[in-house]
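Summary of the model geometry
For reference, the chains in residue letters:
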2 protein chains.
Amino acid sequence: MAAALEETPVTYEDLVDIEQAFDDAETDIIRYQASRLSDLYALRHKTVSQIPNFWPLVLEQAPPDIDQYIQPSDSAVLLSALTNLDVTHFDIPNPDGDPRSVSIKFEFSTNEYFEDKVLEKKFWYRRGRNGWSGLVSEPVKIQWKKDRDLTGGLLDMVCDAWAVSRTGPKTVELSPEQLILKKKIDSTGMGGLSFFAWFGFIGRHVSADESKKAVESERERRKGRALMKDVRTIDATDELEEEEDDVGMSLEIFPDGGDLAVSITEDLWPSAISYFTQAQEQDALSDDDFESDDDENADSDRAGGDSEEDASQANSSRPVKKLRTS
Amino acid sequence: MAAALEETPVTYEDLVDIEQAFDDAETDIIRYQASRLSDLYALRHKTVSQIPNFWPLVLEQAPPDIDQYIQPSDSAVLLSALTNLDVTHFDIPNPDGDPRSVSIKFEFSTNEYFEDKVLEKKFWYRRGRNGWSGLVSEPVKIQWKKDRDLTGGLLDMVCDAWAVSRTGPKTVELSPEQLILKKKIDSTGMGGLSFFAWFGFIGRHVSADESKKAVESERERRKGRALMKDVRTIDATDELEEEEDDVGMSLEIFPDGGDLAVSITEDLWPSAISYFTQAQEQDALSDDDFESDDDENADSDRAGGDSEEDASQANSSRPVKKLRTS
């Protein structure tokens, strides 16, 4: 079907302006949402922190777009040592920040894999010069115990390459650290990658400064000050930028890292009680099975009876998965 | 892993209360969102109504969870005759209503399939006695032109069966109209079902009255007035109800109707300009292909030149798919 914009009084810029206004509205809505929910999240935290295994049980029920990244060896540490999860829109108080920026914080008890008690991964919502926008991050180092690195050294290599690229000269040549990383990526094939490799996600290389300029230039464009000429200029200077970005993305060990952050933020986090309830129900069901197979007449009003009651209550008032609000 | 609620001071009811508080917050957020966006949707409508084929082009780019329901014969009428789409949360002004209730309205120009100029499908967000909540609807009749019924008579049968079930005595026996519908469903296998069969979606049979009572009884439960005894009573009276619902669902011709409504409301509708832009880009790309194959040195600064410019502009400032805000 023919696209019909040329034959109308509407310009492409008109549509971009409307989309930008929707984008502004969305940031307001996220701000409102965060303020409306903050007390509730605090109450939830107070309540669920009294339930041992709350977060491990939630993770066990994680939807496929999260669960697919959790390997059996990751489960071993997540199910035994995860004590808390916290998601915050840390950039909301910052006038230059975007409310879609998010921090995802995992707390762990002492475990045999790593020394860290807290692993925090921050994602910044940024706009690139070429119009792209989305979540970017920085690699987070994990203090693995001896021979326990679930990423097989990959995460350390990302951290090393990142440290060098931030201090070294800007170039499209690979640094020695990047070459080591690239060789590792090429040789492993990246199948069965650990969930913990996600802490190495970087995404597009858009700095806070570039993002700020892109947002400002978009604002100016909307005021009608920047026209075709400027658009062309940006296109030209973008070429080196994009080449750098291609190199960056070829060294990305977790290309879906931003999507995974969104799934945790918008699904696992708000629906955690719902997932926990699912876990309880499954547990009750398997208790019932056990009971009816082997235990029908013995001791059935203790563990078995309790579980059955839980299950029927669960059925009568179980929280349903909420509609998304966007 | 053992579910651990029994060993804690936290009860199942505590968790249900928190979920209910989140649910209340969510309705507030949807109200805020609707009021924040209403002027913008009006502006968008004013702008895109000047673009012929705006909505057909949006539909052409619909994501798979919508596109999978559009058959080639549906496309014929949707692409040639759809002139407007409108989504409204009609129940927001109603204090008893749920802001998640939604009306999806299609407007059509004269076409050879049906007489209707407007097809409006309303969905009510309701809570059942058994704790279920979600979108339900009522069948919408379409005035098909002779031999043009894209549902092969199915939609009419649903409307007939529905009309009788609302006036006739409450029973789990099938009425003659329901038997005709059941026979049709059993004999056709329901493959390649028309998109327009969606107008026949009913979903769970939860009346406004039942929903109101369920919401009230949930409120009472939260106040601590209703305890285990009432939960048991509800379970008992639910049995006939559930049997009726099973019959209802066995006659449902579009079981995913509620999900489709959510996809239209939360994806196609807010991201319409984004989908339209995608259609423009694809068009520009195929123009470019055409040009380089057959037209390289002739007249290239007319149609081809324009398209190329559109494409580069599109690249530099194309609206990206927004993060969901829930």
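Below is a summary of the structure that appears in this document. No experiment lies behind these values; they were computed from the predicted model shown. (Residues numbered from 1 in each chain as written. Chains lettered and ligands numbered in written order. Predicted model: local features only at pLDDT ≥ 70, side-chain atom pairs only at ≥ 80, totals over all residues. Heavy atoms only, no water.)

1. Things to note about the packing of aromatic side chains
Each aromatic ring pair is described using two quantities: the centre-to-centre distance and the angle formed by the ring planes. Residue and element names in this part refer to chain A. Following the criterion strictly, the structure yields 45 aromatic pairs over all chains and no others. Ring centres of W198 and F199 lie 5.4 Å apart, and the angle between their planes is 65 degrees; on these two criteria the pair is classed as edge-to-face. Owing to a relative accessible area of 0%, W198 belongs among the buried residues under this scheme. An aromatic cluster of at least three residues, connected via ring pairs, comprises F106, F108, F114, F123, W144, F195, F196, W198, F199 and F201. (Phe/Tyr/Trp six-rings, centres within 6.5 Å; stacked < 30°, edge-to-face > 60°. Buried < 20%, exposed > 50% of the residue type's maximum accessible area, 1.4 Å probe, protein only.)

2. Considerations on the packing of helix α5 (residues 154-167) of chain A against helix α6 (residues 176-188) of chain A
Residues and elements named next belong to chain A. Viewed as axis vectors pointing N to C, α5 and α6 meet at an angle of 150 degrees, and their least axial separation amounts to 8 Å. One finds that α5 runs roughly antiparallel with respect to α6. Crossing of α5 against α6: the hand is left-handed. Note on element contacts: α6 touches α5 through E177, Q178, I180, L181, K184 and I185, opposite L154, M157, V158, D160, A161, V164 and S165. Here the residues of the contact of α5 with α6 sort into eight nonpolar, two polar and three charged. (Axes fitted to C-alpha atoms, helices over the stretch in contact; angles between N-to-C directions. Helix = DSSP H or I, 4+ residues; strand = E, 2+ residues; numbered from the N terminus. Parallel < 35°, antiparallel > 145°, perpendicular 65-115°, else oblique. Left-handed = near helix turned anticlockwise from the far one by under 90°. Contact = heavy atoms within 4.5 Å. Nonpolar A, V, L, I, M, F, W, Y, C, P; charged D, E, K, R; others polar.)

3. Some points on the sheet that holds strand β1 (residues 82-88) of chain B
Residues and elements named next belong to chain B. On the basis of which strands lie adjacent, the open sheet formed by four strands has the order β1-β2-β3-β4 and antiparallel pairing. Looking at strand neighbours, the two that pair on one side only are β1 and β4 (133-137), the edges of this open sheet. For this sheet, the mean inter-axis angle between neighbouring strands, taken without regard to orientation, is 15 degrees. Pairing of β1 with strand β2 (residues 102-108), which is carried by six bridges, proceeds in the antiparallel orientation. Counterpart to L82 in the pairing with β2 is F108. (Pairing = 2+ DSSP bridges.)

4. Observations regarding the pairing of strand β3 (residues 118-127) of chain A
Residues and elements named next belong to chain A. Most of β3 is tucked away: seven of the ten residues are buried. In this sheet, β3 lies alongside strand β2 (residues 102-108) in antiparallel orientation, the contact comprising six bridges. Bridge assignment links S103 to a residue of β3, and that residue is K122. Taken together, the five bridges between β3 and strand β4 (residues 133-137) define a ladder with antiparallel strand orientation. From the neighbouring strand, F123 faces β4, where its bridge partner is S137. If you look at the hairpin formed by β3 and β4, you'll find five residues sitting between the two strands, and G131 has a positive phi there, around 95 degrees.

5. So, the sheet that holds β2 of chain A
Residues and elements named next belong to chain A. If you walk across this open sheet you meet the four strands as β1-β2-β3-β4, and the pairing is antiparallel. The strands lining the two open edges of the sheet, one partner per strand, are β1 (82-88) and β4. Taken pair by pair, the neighbouring strands of this sheet meet at an average axis angle of 15 degrees, ignoring direction. Packed on one face of the sheet, helix α9 (residues 257-268) meets β1, β2, β3 and β4 and runs near 80 degrees to β2.

In short, shape yes, function no, at least from these values alone.
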